[in-house]
There are 2 protein chains.
Amino acid sequence: MLKNMNFIEKLRETGLRPTKQRVKICEILFNRDKTFHFTINDLAKKISEELNEKISLATIYNTVHALKNKGYLKEISINSDKSYFDTNTSVHHHFYDEDTQQLIDCDENEIETVNVKKNITGKKINSVEVLVRVASNNHNQN
Amino acid sequence: MLKNMNFIEKLRETGLRPTKQRVKICEILFNRDKTFHFTINDLAKKISEELNEKISLATIYNTVHALKNKGYLKEISINSDKSYFDTNTSVHHHFYDEDTQQLIDCDENEIETVNVKKNITGKKINSVEVLVRVASNNHNQN
DNA sequence: TCAACAGTTTAGAATAATTATAATATATAA
DNA sequence: TTATATATTATAATTATTCTAAACTGTTGA
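Now for a description of the structure that goes with this document.

Scoring rules and cut-offs
- Residues numbered from 1 in each chain as written.
- Chains lettered and ligands numbered in written order.
- Predicted model: local features only at pLDDT ≥ 70, side-chain atom pairs only at ≥ 80, totals over all residues.
- Heavy atoms only, no water.
- Core = buried A, V, L, I, M, F, W, Y, C linked by side-chain atoms within 4.5 Å.
- Buried < 20%, exposed > 50% of the residue type's maximum accessible area, 1.4 Å probe, protein only.
- Helix = DSSP H or I, 4+ residues; strand = E, 2+ residues; numbered from the N terminus.
- Contact = heavy atoms within 4.5 Å.
- Near = heavy atom within 4 Å.
- Polar contact = N/O pair within 3.5 Å; in protein donor to acceptor, adjacent residues only side chain to side chain.
- Pairing = 2+ DSSP bridges.
- Axes fitted to C-alpha atoms, helices over the stretch in contact; angles between N-to-C directions.
- Parallel < 35°, antiparallel > 145°, perpendicular 65-115°, else oblique.
- Nonpolar A, V, L, I, M, F, W, Y, C, P; charged D, E, K, R; others polar.
- Least-squares fit on C-alpha atoms with pLDDT ≥ 70 in both.
- Buried area = accessible area lost by both parts, 1.4 Å probe.
- Salt bridge = Lys/Arg side-chain N within 4 Å of Asp/Glu carboxyl O.

So, about the nonpolar core. Residues and elements named next belong to chain B. Leu29, Leu43, Ile60 and Leu67 are the most contacted members of the largest nonpolar core, which has 24 residues in total. Secondary-structure elements contributing two or more residues to this core are helix H1 (7–13), helix H2 (20–30), helix H3 (40–50) and helix H4 (57–69). By residue number, the principal contributor to this core is H2, which donates six residues. Here Ile60 is in contact with Ile25, Ile40, Leu43, Ala44, Ile47 and Ile55, once residues within four sequence places are set aside.

Right, dumping it as structure tokens:
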């Protein structure tokens with residue numbers, strides 16, 4: 001998925017026009033070794049730091065949503081006040097460090113398969129994900 | 001926890017002044033058999049339906065947060081765009097129906113104990129919760 | 001190559017959810 | 001019952017996100 005390279009082709013393949021802005025954003029998001037967890041705000045900051053030119057906030061929102069809709073990004077809700085995106089789009093689990101408010105990916109094999117016994121009639125399960133909240137001291141654990 | 005009754009005493013016990021508004025809100029939230037999942041908006045609507053007098057939105061926010069801080073409510077993040085509260089404050093799991101956007105509680109025994117193998121050094125685990133997303137058809141499963 | 005069109009970007013306005021403010025009101029302790 | 005601390009309220013402010021409409025750009029095909 002969009003790793004290391006030629007984002008122009010990658011974007012085109014999925015029907016997203018490879019505009020200058022989209023390509024730049026892809027470079028920032030996907031030209032890295034490990035998963036990147038970010039908020040729109042983080043991303044906007046990174047863009048203005050690493051790039052010379054500015055990209056409008058509206059475009060950042062649009063692009064992130066376009067990438068999300070094409071399956072290149074995944075949205076994760078932890079806090080009501082922040083929306084995180086994750087470049088790791090597989091079904092996987094997370095640790096959330098309540099001290100630093102950081103998200104940490106958790107490999108499938110680091111949490112034993114979750115056995116769900118309940119069934120909602122007429123519905124099928126789309127995903128089963130675990131959130132492990134950690135902190136160094138006695139925090140309020142909401 | 002604040003079930004069935006005398007909310008005046010209950011509130012006082014935890015250092016929350018039992019004002020008229022807080023007692024009313026407690027009655028709406030906790031005078032019920034099953035768990036109540038709601039957004040601030042849901043609650044505001046319910047208040048204006050079931051009560052004659054109005055309670056200001058600011059008060060509703062303040063009260064919900066006060067109740068949350070005292071451990072009477074739990075906040076749950078599913079969508080970035082909605083913040084749910086839950087009158088069931090125990091560590092427990094949820095089903096989320098993506099068709100209806102409804103939260104459904106899941107008893108501890110309906111999901112087998114989750115075995116977390118990973119450790120974050122220097123941190124202790126506060127909670128381990130599972131979110132099972134369900135839908136009737138092939139939905140986008142973000 | 002280039003014109004035409006559809007899709008995209010942009011600044012700024014609009015909206016929605018939440019929080020802050022400051023005046024008024026209320027609960028509680030003495 | 002009075003003084004004081006705390007709560008409520010309407011409204012303003014703030015924040016995150018989405019909308020809008022004009023200007024711009026990528027792509028297609030003549």
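It is worth spelling out the protein's contact with DNA strand D at this point. In the vicinity of DNA strand D, 17 residues are found, and the nearest of them are Arg12(A), Tyr61(A), Thr19(B), Gln21(B) and Thr59(B). Of everything in DNA strand D that lies within 4 Å of the protein, sugar and phosphate atoms constitute 74%. A distance of 3.2 Å is found between a sugar or linking oxygen of DNA strand D and a side-chain nitrogen or oxygen belonging to Arg17(B). Between DNA strand D and the protein, one listed contact pairs a phosphate oxygen with a side-chain N or O atom of Thr19(B) at 2.5 Å.

This part takes up the sheet that holds strand E3 (residues 83–86) of chain A. All names here are of chain A. Spatial ordering of the open sheet is given by E1-E3-E2, a layout of three strands whose pairing is antiparallel. With partners counted over all chains shown, the strands left at the sheet margins are strand E1 (37–38) and strand E2 (74–77), one partner each. Inspection of the sheet shows E1 paired to E3 by two bridges, in the antiparallel sense. Note on E3: the bridge partner recorded for His37 is Asp86.

It is worth spelling out the packing of helix H2 (residues 20–30) of chain A against helix H3 (residues 40–50) of chain A at this point. For any two helices packed against each other, the geometry comes down to the angle between their axes and how far apart the axes lie. Residue and element names in this part refer to chain A. Closest axis-to-axis distance for the H2/H3 pair is 11 Å, and the angle between their directions is 105°. With respect to their mutual orientation, H2 and H3 come out roughly perpendicular. Mapping the contact onto sequence places Ile25, Ile28 and Leu29 in H2 and Leu43, Lys46, Ile47 and Glu50 in H3. Among the residues making up the contact of H2 with H3, the classes are represented as five nonpolar, no polar and two charged.

We now examine the relation of the copies chain A and chain B. Between the two copies, chain A and chain B, the superposition gives an RMSD of 0.2 Å; the rotation angle is 179° and the shift along the axis is 0.0 Å. These values place the two chain copies in the arrangement generated by a two-fold rotation axis. Taking C-alpha positions as the reference, the residue of chain A nearest the rotation axis is Val130(A), at 2.2 Å. Interface overlap between copies: 100% of the residues of chain A at the interface are likewise at the interface in chain B, consistent with a symmetric, same-surface contact.

All right, on to the interface of chain A and chain B then. Contact with chain A, which involves 46 residues of that partner, is made by 46 residues of chain B. Overall, the association of chain A and chain B removes approximately 3800 Å² of surface from exposure, summing both partners, and the carbon and sulfur fraction of that is 48%. The interface formed by chain A and chain B holds six salt bridges in total. Among the ionic pairs, Lys118(A) bridges to Glu110(B), the shortest N-O distance being 3.7 Å. On the surface where chain A and chain B come into contact, there are 22 residue pairs in polar contact (both at pLDDT 80 or more). Going through the elements one at a time, E2, strand E4 (93–97), strand E5 (102–106) and strand E6 (124–135) of chain A are the ones with two or more residues in the side of chain A that touches chain B. No other element matches E6(A), which puts 12 residues into the side of chain A that touches chain B. Here the side of chain A that touches chain B is composed, by residue class, of 16 nonpolar, 15 polar and 15 charged. In this structure, E6(A) lies alongside strand E6 (residues 124–135) of chain B, joined through 11 bridges in antiparallel fashion. If you follow Val134(A) over to E6(B), its bridge partner there is Ile125(B).

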